[in-house]
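Observations on the model geometry
Now for the letters of each chain:
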Amino acid sequence: AESQRLSFEKLREQGADLPAEAVYTYWIDEKKRPVRIRFEVLGTKTSMDFTDWGVKTDIKAPPASELTDPPSILTQGARG
């Protein structure tokens with residue numbers, strides 16, 4: 001939570017128009033692992049589901065050609 005707050009502060013310093021706070025709703029399983037997180041920021045609702053705990057995966061970073069800048073909504077009103 002502290003790192004999220006600091007990230008929001010850095011975005012605000014760069015001119016992002018973010019709310020003072022964001023409320024997250026968590027669903028936790030019997031082993032105290034998150035299974036769903038929901039939140040809304042600037043009218044955009046987001047839901048993340050976490051499944052297959054303990055299943056081995058092979059995750060690789062995408063190539064640079066598939067990366068993008070943050071959405072413009074995060075930088076609206078940025079100082080030039």
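Further up the page is the structure itself.
Conventions adopted
- Counting from 1, residues in each chain are numbered in the order their sequence is written.
- Side-chain atom pairs in this predicted model are given and counted only at pLDDT of 80 or more, local residue features only at pLDDT of at least 70, and totals for whole chains, interfaces and linings cover all residues.
- Side-chain descriptors were evaluated using all non-hydrogen atoms of the structure, hydrogens and water having been removed beforehand.
- Runs of E in the DSSP output that reach at least two residues are strands. Runs of H or I that reach at least four are helices, and both are numbered from the N terminus.
- For the exposure calls, accessible area comes from a 1.4 Å probe over protein chains only, and a residue counts as buried if that area is under 20% of its type's maximum, exposed if over 50%, partly exposed in between.
- Pairing between two strands requires that DSSP report at least two bridges joining them.

Although it is not a glycine, Lys32 adopts a positive phi angle of roughly 65°. You can see Lys32 is positioned in the loop between β1 (24-28) and β2 (34-41). When its relative accessible area of 73% is taken as the criterion, Lys32 is described as exposed.

Moving on to the pairing of β1. Across five bridges, the pairing between β1 and β2 is antiparallel. What sits directly across from Tyr26, in β2, is Ile37. Hairpin connection of β1 to β2: five residues between the antiparallel strands, including Lys32 at a positive phi of 65°.

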